[in-house]
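Each chain, written out:
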Amino acid sequence: METRTERRTGVGLSRRTLLAGTAAAAGASAISWKVIAEQIETLKKEGWEANPVACKVCGGGCGLIIMKKTGVKPSLATVRVFPNPTHPQRGMCGRASQAAMLWASPYRLKKPLKRVGARGEGKFKEVSWDEALDGIAKQLKPIVEKYGESSVVYTSHTLSGIQKWASFTLGTINQIGHEATCNTAGNAGRILAFGKKYQGKNKIDPDYDHASVIMLVGRSINCPMGVAHRLVEAKDRGAKVIFVNPWQPDPALGTADWIPVVPGTDGALIFSMLQVMIREKLYDAEFLARQTNAAYLVSSDDGHPITKAELTGTDSDADKALYAMRTKAGTVVFRGVKTEKVTDPATGKEKEVQSFIENASDVPELEWKGELKTKAGAVIPVKTVFTAYAEEASKYEPAAAAKITGIAADRIVRLARLMATKKGVFEDNWYSSRNGNDVELCHLLCAANAFIGNVDQQGGLCVEEGSGLTSSAIKFDGKTKTCTAPNGTTWEITNTLRADHAYFPEAPGSFFALQKELEEEKPYPVKALFVTASNLLQREANTDRMRKMLMKFDLVVVQDVMPQETCDYADYVLPATMFLEKGGVTGIEFAREMGGAIQRNAPGLPIPDGNESRDDLFPLLEVIRRAWPERAARLGYTKECKTNADFRKWNKTLSEGYGLPKLMADLEAKDPEKAKAVKESLDANGWALVKPKAYGTYPYKKPFDTPTGKMEIYAFWPYLKANRKGVPGLPAWEPVKAYTLPSKPNEFYMVSGKNLQGNSGLGMFGPGSHANSERRAVMNPDDASRLGVKENALLEIRAIDTGFTEKSRVHLSYRIKQGCLHMPGFSGGTRSKLLRAMSPETADWMEEGVNPNWFATGYASPVFGPLANNGSVSVKVLSD
Amino acid sequence: MTEMKPKKQLAHLFNATRCIGCTACMNACAQTNYGDVMASGKPIHGRVMPGNIQKIVMDGNRRPFQIMSQCQQCTDAPCIKACPFGANYRDPETGQVKIDPKRCMGCNYCITACPYDARWSNPLTGLPEKCMGEGCQKLVAEGKDPACVAACPTNARVFGDILDPESAISREIASSRTVKLLEEKGTLPNFFVEVAK
Amino acid sequence: MTDAGFLSLTPQLAAAHWGWTIAFFLWFIGLSGMLMALFYFVRDKRIALVSFIASILGCVFVLSHLARLTNLPFAAFNALISGSLNFGSWMLIGICLLGVQAVLTLVATAVLYGKVKPDWAPIFTERKAVPVLLAVVGVAVTVYSGFLLTQASGVTFWHTALIPILWVLSGLGCALAVWEFLGFRDKKALPGTARTAGIVIEVSELLALFALLQVAASFSTPGAKAGAMSLISGDWAAMFWIGAVAAGILLPLAIRVFGEKARFAAPLCAVLALAGALCIRASVLFAGYFDPLV
Ligand SMILES: Nc1nc2c(c(=O)[nH]1)N[C@H]1C(S)=C(S)[C@@H](COP(=O)(O)OP(=O)(O)OC[C@H]3O[C@@H](n4cnc5c(=O)[nH]c(N)nc54)[C@H](O)[C@@H]3O)O[C@H]1N2
Ligand SMILES: Nc1nc2c(c(=O)[nH]1)N[C@H]1C(S)=C(S)[C@@H](COP(=O)(O)OP(=O)(O)OC[C@H]3O[C@@H](n4cnc5c(=O)[nH]c(N)nc54)[C@H](O)[C@@H]3O)O[C@H]1N2
Ligand code: SF4
Ligand code: SF4
Ligand code: SF4
Ligand code: SF4
Ligand code: SF4
Ligand SMILES: [Mo]
């Protein structure tokens, strides 16, 4: 079925992947998608309209079709949500299938609100947009005049791109995202192993469609559904899926293996598996030697990589970028990456091409340890990266690792053999803010794939093809401090030190780091905050700290769809449109077969009657226009757009020359036939494949974005700058530093993550999540009987380090490892007084259970600044 | 009343080895069959949302697993036995247990009679609801799969005629290990839970 | 969320919503039914009248809980013409019995009060056949109202003949209570046998109740066990222990045994017995849980 659909679109996958991908996975799955297609067809005949959209209920972007009965006012009776049956990221989970219910939700914010009580008290009055926008502008202006533009901070989960239009236009560098609580460690791991270009969660991913054994260390696959579907297909093929997790995630309730590891000890487990592979010589020596920096030399003293500059060369940048490698012949050679400009034969344009500086006939020596003489005459002890690994791994013989990880030694041996001999793949992680040793773990997980030799090959950890879709944005050049708008207007930003970078120089986004700025005004004060699509009190570890931070701002504006908790701390709450009311063309993340694909978003739902929500960018820019018309004019935004329609019309002017038109023009120039096929598929299916995956490219043919261009199992990147010193080259395991380990009988690890039915933000308010998401803390029944805790007992839970205390009922379940309490994020523990005021009776359920961030210490590891959302708590039974 | 042999026996198979508990089937059931109930915003006894599926996680077991349960289309259905006016009956065509609104007074006796807790009271009509709702009956009449089956992202559901040995469901049953729920109640359920391939 | 392992099961209250209206329904028709039985021994027209009123009130309660009340006549008609009336259903049997009960008590009341055919009065006061019929129907209705629950096969706590027995006993207690009220002003009408009967009924009730809990808690399915537990120490424990057991049985028993001389002993026992019977019905009804699926 799949085969047929994709051929019809004319942009089918490469023949090879097509056959390999579908032969095995025929059967049941194909039938189901066909059935959806038929349902959609019938509804169309009955006068329903089909609109494609990428799901934005969580971050997965699965392909949905919104069906809407034409000629009647849309309501829950006339709107239905389906998975897009041909989509390469197909599938729809329960959270998405309640999208229409969220759109029609009685909880939705409808009008701008102005705070009338004390901050945090949740007392508001409805005001007109005019009053809200004027009020904000009036408060913002003196703040900027007194403290400078950089005193204004923007933060968001998924709408950072939108916020940047406003932050740069205003003149502040401080758009600081959610990453520290989400994917920072994973991104860091990918930066270290593959380079900055590949840091995105879906730039690198396992090729689920062909994988034989998939090991998911702290990845739940609650999202995206496309991957959940591909995993089921993989299982049909006989592949094995293994979850390493103190909690048994929902997808592990079927036929998958579950390895209940002690929290924070995953690194020891992986090293132990490497130890087995090394001892039993199961690793892929050829891959390690040729495609990674395993044979490169590092100092035995401080671990720094040995360069030509140090041994024989000059102090030029070029020689500093040439790394020493030992050959089997016993010589030391130097390797690096070169960049050349070549003309693209298809387009005639010049482009940069990178290649390796290396002599293919040099045979790398993996295992070696010895001494080298520097050009200054000193003799320094050195070893190969592989030897460094072998030494580290030798500390984790399975028997020793079993004691640390709680996983039996023979199981570790079996897992290692399975992964190595079946050429399994370690998932590289998405959400990874757990224990404070996560950067090392995420790097190690990438590196472990190198030992198996399974990188950028079918079934391995692969680079996902990009779609080539560009998006327009304000360009910022850090060297000249200059912003350039799409229309060519330029302006300067005075302060270019992002507030979080003052403390975490490589942070993708560490909002909590503003604590220092807020308390001590160091290095500079921050005073105003715009929160767009983010619930800081559920998002950030250590809720109390975040509450205190919110109290300190002079101005807080929250844009949201729902009356979530952070609204309580806002001076103004602005109602926002949700994704079913917006549109556009986007790339497809997590596409099947690792291809580069794009998709159209045209959900076509109107804003419900009586709801005055506006698209998020409108108020952000309108406030700037009201305070400083000349700054808004930088974008050509010179007069208020009174309606969403007007604003969208104007908004289009920002992206001229980007996005789909640009992509189509490029395709047209290169391959007109393909351009035609892409357009047809987009129109017919709502999506199109632009670029099929070319396996075996990185680093076989093209260098990665690392200092050596190789896959770096030992990171050289930290040695390029002094302020990166907190990140080790070798991702050695270290015990948890983020919180005190539980030690008494009534003390527990607090294990966080998401559950499948609960959801961040929007979904948290949905009836499906209400019905099905566990909000209570979850305890192992054996611990419970030891402590005399009964099902649904009321517990007092106290954070061991911060002393923060809250109450929750408890659910007993063998899905959580002994000694741990599971507490999913975004499920329970809402304390929103605004919500209470708006829906006095019906909101009870949202207050049940826990918000795990209450109990987290808020510890962040250095340099990248990822937070640890796990923690440790003690419990006391209050009543049965 | 339940002796007759139907021409077909339409049945659901729920594959516990594939289900990831995403609850899409539950919501698909709601939107396909009970859009009007949702749009009305009326509360429902015992359920947050209208729908015929219940998610049950058996995590008090050492080996936790989950079941998405719904009407079992019992051959010897207690709900049929309970109804005073014969409003619940077995469809001679499909073998499914149906409800005739014309004969129902909304006493909810069938709701307490169903050992599978598969029924609920529709706040708009007062009718006891269960699988299959009208939307799904229409789909099935058109030869399509019901909503929950189609919506499942992991293909954990199969629907079809178990009297036809060639049907997908019959083949799935033949090639796997399935169990039925609460068989000891003597209801002769026609709902298959696949527990191993 | 249902969970087999820890007995947080779905209560029928949540799904079928058989709540207070049904409790009152069961109470009224039990009262009416057992008054019909009592009439055999106490040929007092007021007993017939109260029985009639209770039977009507019972019907009002049961009708008021129908989610499709307006469809009732059509449902009955359609069932009739399509021949689908289900005499295997306790609900249908019950509807018929309720009808007979209402008609019989109405006729008895009307005749005894001389409104119609006053000359038939001796049939009710002197002869045996009609009072026996009344008694049989009365007991049948009460028994039916117990079997109604036992046929609710989703709820195993109710699957025991102890429920009809309990209903009969507590119904009898209620009937006795009415007699005690009536006899309070008219001393002759209330012989010492009433006290003895009360003691016997209350002791039997106590035994039946404990048997019910014992059976459910020790032998039956998780749903039954959950029901028993909710009465013993769970959600309905207060209503059960204080309302049904203490106030409804133990206290009247104590009064009868130790405080029979007190002026208000009889009416106090009567009030307590009536309230207790309601509490028994309500708590047993509310303690209905569905069994787990696995
Ligand atoms: N249902 C649902 N789905 C979502 C979201 C949501 O809110 N709800 N949000 C979306 C977002 S923003 C993201 S980033 C992705 C993330 O998707 P994933 O990366 O899959 O992250 P989680 O689902 O949070 O799963 C993290 C898992 O880590 C486990 N864990 C905790 N501590 C440890 C430990 O020390 N060791 C190991 N090995 N495991 C540990 C937790 O039990 C949890 O199951 O999900 C997206 N999808
Ligand atoms: N303990 C613990 N903490 C965690 C996690 C965990 O697993 N455990 N997960 C972490 C992860 S991975 C992440 S990404 C963060 C996410 O945390 P947040 O940044 O809070 O992100 P969301 O919850 O996705 O969305 C927040 C808000 O966006 C609103 N919203 C949705 N769509 C729109 C829109 O179009 N416009 C506007 N203005 N608002 C909109 C929603 O109503 C919601 O209130 O939390 C992190 N925190
Ligand atoms: S996993 Fe579910 S909520 Fe997330 S994007 Fe996919 S369908 Fe939407
Ligand atoms: S599962 Fe329940 S509703 Fe369905 S046929 Fe059986 S008894 Fe009737
Ligand atoms: S609710 Fe309707 S279908 Fe159910 S038993 Fe009563 S009359 Fe029959
Ligand atoms: S078949 Fe239809 S009515 Fe039955 S559970 Fe599935 S979606 Fe609901
Ligand atoms: S849709 Fe499928 S995977 Fe999701 S809960 Fe239902 S049966 Fe399970
Ligand atoms: Mo995230």
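Data block above holds the structure.
Residues numbered from 1 in each chain as written. Chains lettered and ligands numbered in written order. Predicted model: local features only at pLDDT ≥ 70, side-chain atom pairs only at ≥ 80, totals over all residues. Heavy atoms only, no water.

Moving on, we get to the overall build of chain B. If you tally the helices and strands in chain B, you get 7 helices and 10 strands. Here the C-alpha atoms of chain B give a radius of gyration of 16 Å, agreeing with the 16 Å that 2.2 N^0.38 yields for 197 residues. Here the C-alpha coordinates of chain B stretch approximately 45 × 40 × 35 Å along the principal axes. Every one of the 197 residues in chain B was classed for burial, and the buried ones make up 70%. Considering only residue pairs separated by 6 or more positions, chain B has 60% of its internal contacts joining residues 24 or more positions apart. (Helix = DSSP H or I, 4+ residues; strand = E, 2+ residues; numbered from the N terminus. Rg over C-alpha atoms; globule rule 2.2 N^0.38 Å. Buried < 20%, exposed > 50% of the residue type's maximum accessible area, 1.4 Å probe, protein only. Contact = heavy atoms within 4.5 Å.)

Residue and element names in this part refer to chain C. At their nearest, the axes of helix α10 (residues 222-232) and helix α11 (residues 237-258) sit 5 Å apart, and the two run at 60° to each other. Classed by the angle they form, the pair α10 and α11 counts as oblique. Here Ser230, Leu231 and Ile232 of α10 lie close against α11, whose contacting residues are Ala237, Phe240 and Trp241. Here the residues of the contact of α10 with α11 sort into 5 nonpolar, 1 polar and no charged. (Axes fitted to C-alpha atoms, helices over the stretch in contact; angles between N-to-C directions. Parallel < 35°, antiparallel > 145°, perpendicular 65-115°, else oblique. Nonpolar A, V, L, I, M, F, W, Y, C, P; charged D, E, K, R; others polar.)

Residues in close proximity to ligand 4 total 13 residues, the closest being B:Cys71, B:Cys74, B:Cys79, B:Cys114 and B:Arg119. Partitioned by chemical class, the residues of the shell around ligand 4 number 9 nonpolar, 2 polar and 2 charged. (Near = heavy atom within 4 Å.)

Another aspect to go through is the pattern of salt bridges. All names here are of chain A. Under the counting rule described, the total for this entry stands at 79 salt bridges over all chains. Arg190 is the salt-bridge partner of Asp428, the closest N and O atoms lying 2.7 Å from each other. Of the two residues, Asp428 sits in the loop between β17 (425-426) and α17 (438-452) while Arg190 sits in helix α8 (residues 184-194), which places them 238 residues apart along the sequence. Residue Arg190 is classed as buried on the basis of its relative accessible area, which comes to 0%. Connected through salt bridges with shared partners, the residues Asp130, Asp134, Glu622, Arg625, Arg626, Glu640 and Lys642 form a single ionic network. (Salt bridge = Lys/Arg side-chain N within 4 Å of Asp/Glu carboxyl O.)

Bringing the interface of chain C and chain B into the picture now. Interface extent is often summarised as the accessible area lost during association of the parts. Taken residue by residue, the interface counts 47 residues in chain C and 43 residues in chain B. Summing both sides of the interface, chain C and chain B together bury roughly 3,600 Å²; the carbon and sulfur share of this comes to 60%. The largest share of the area that chain C buries against chain B comes from C:Arg68, C:Asn86 and C:Leu293, three residues that together contribute 20% of it. Seen at the junction of chain C and chain B, the total is 1 salt bridge. (Buried area = accessible area lost by both parts, 1.4 Å probe.)

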